[in-house]
Amino acid sequence: MAATKDPAQGDPRRNPIGRGTPGPLGDSFSKHLAANGAQVVVRRTRRRKTGVAAFWEEGRAVIAVPARMSIEDEQYWVPHMVSRLEADQRARAGGRRRRVAPSDTALMQQCELLSARYLGSRAVPESVRWVTNQNGRWGSATNAHKSIRISHHVQGMPDWVLDYVLLHELAHLIHPNHSAAFWAELAGYPHLKRAEAFLEGASFASARNIQGMSSDLDGDFEA
C-alpha cells in the first residue's frame, strides 16, 4: 500500500513548505536511502498541488511531492514517508490489512497514488466521493467535471478491489469508453483479473438483495 500525508494538516513544518532552495522538477535521487540500501526517488511535479505521497515502483520507494516543495522540506519529508512506507510493508508481511478510512478525502488521496503509479498522473479528478444512491454500478465518472463517484457497496471489500474500482474510473477520465486504449491503461494493475472476478461474484450474490446491481463498473458512463 502507499502511504500519504497532507503537509498542510497538523505538521509543524507546514509553514516553511515552498520556502528555501527550489528542487528540480521530475525524478531525482534523495540522499536518504531506504532500509534495504536502495536509492529513494523524489518525484516533483507541477501537477501535484498539495500532499505528499509514497509508493513502491520497481522495488524503489518513490516520494511524490509538489513542485513548490523546497530541498530543505524534502529532507524532512522523504525519510518520514519512507519510514511509513516501510512500516506498512512490514505490516502487510505480517498479515495485517491496510485500512482505508471510508472518507472522500481518503478516496482522493488513493486516486492520486493510483494515477501516479499506473497512469503517469494523467488522470486528475476534481472530486472523488462515496455515494449511497448508486445501486446499479460500483463506480461512475463524469468526464466533463472530472468527478468520480464510488458506491457505498464497495466499502468493506478488499483493498485491491477498491483500488481496481478507483483505477477503472480514473482511466475513464482519459478514455470515456471501454475501448482497447482504455483497457490498455489498466493492463499494469496486478490484481486486474482477480478484482474483476471478485466483483462478478459480488454482483451474483448481491442480486438477491439489491435490485438492479450488475457486474458493471460504470454502466451508462456520463461524459
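Residues numbered from 1 in each chain as written. Predicted model: local features only at pLDDT ≥ 70, side-chain atom pairs only at ≥ 80, totals over all residues. Heavy atoms only, no water.

Caption draft 1: Structural detail: the overall build of the protein chain. Counting secondary structure elements, the protein chain contains 5 helices and 8 strands. Written out in order from the N terminus, the α and β elements of the protein chain read β-β-β-β-β-α-α-β-β-β-α-α-α. Out of the 223 residues belonging to the protein chain, those deemed buried represent 47%. Considering only residue pairs separated by 6 or more positions, the protein chain has 58% of its internal contacts joining residues 24 or more positions apart. (Helix = DSSP H or I, 4+ residues; strand = E, 2+ residues; numbered from the N terminus. Buried < 20%, exposed > 50% of the residue type's maximum accessible area, 1.4 Å probe, protein only. Contact = heavy atoms within 4.5 Å.)

Caption draft 2: Layout of the packing of helix α2 (residues 104-118) against helix α3 (residues 159-172). α3 packs onto α2 with a crossing angle of 70° between their chain directions and a minimal axis gap of 10 Å. Classified by the angle between their axes, α2 and α3 sit roughly perpendicular to one another. Seen from α2, the contacting residues are Leu107, Gln110, Cys111, Leu114, Ser115 and Tyr118; seen from α3, they are Leu162, Asp163, Leu166, Leu167 and Leu170. A breakdown of the residues in the contact of α2 with α3 according to their chemical character gives 8 nonpolar, 2 polar and 1 charged. (Axes fitted to C-alpha atoms, helices over the stretch in contact; angles between N-to-C directions. Parallel < 35°, antiparallel > 145°, perpendicular 65-115°, else oblique. Nonpolar A, V, L, I, M, F, W, Y, C, P; charged D, E, K, R; others polar.)

Caption draft 3: The sheet that holds strand β8 (residues 147-151), seen in detail. Taken in spatial order, the 3 strands of this open sheet run β6-β8-β7, and their pairing is mixed. The sheet is open, and its two borders are formed by β6 (127-131) and β7 (139-142), each paired with just one other strand. Across the sheet, the mean angle from the axis of one strand to that of its neighbour is 20°, orientation sign disregarded. Note: β7 against β8, 4 bridges, orientation antiparallel. Residue pairing in the sheet places Ser140 in a bridge with Arg149 of β8. Here α3 sits on the sheet in contact with β6, β7 and β8, set at roughly 150° to β8. (Pairing = 2+ DSSP bridges.)

Caption draft 4: Region of the structure containing the pattern of salt bridges. Within the structure shown, the criterion is met by 5 salt bridges. Where Asp27 meets Arg43, a salt bridge forms, and the shortest distance between an N and an O atom there is 2.9 Å. One end of the pair, Asp27, is in strand β2 (residues 26-33); the other, Arg43, is in strand β3 (residues 39-45), and 16 residues separate them in sequence. Residue classification places Asp27 among the partly exposed residues on the basis of a relative accessible area of 48%. Among the residues examined, Arg43 registers a relative accessible area of 17% and is labelled buried. Glu74 is paired through a salt bridge with Arg44; the nearest N and O atoms lie 2.7 Å apart. One end of the pair, Glu74, is in helix α1 (residues 71-93); the other, Arg44, is in strand β3, with 30 residues separating them in the sequence. (Salt bridge = Lys/Arg side-chain N within 4 Å of Asp/Glu carboxyl O.)

Caption draft 5: Region of the structure containing the pairing of strand β4 (residues 52-57). Most of β4 is tucked away, with 5 of its 6 residues classed as buried. Bridge count between β4 and strand β5 (residues 60-66): 5 bridges; the pairing is antiparallel. Each residue of the ladder has a partner; that of Trp56, found in β5, is Ala61. Joining the antiparallel neighbours β4 and β5 is a turn of 2 residues, in which Glu58 adopts a positive phi near 55°.

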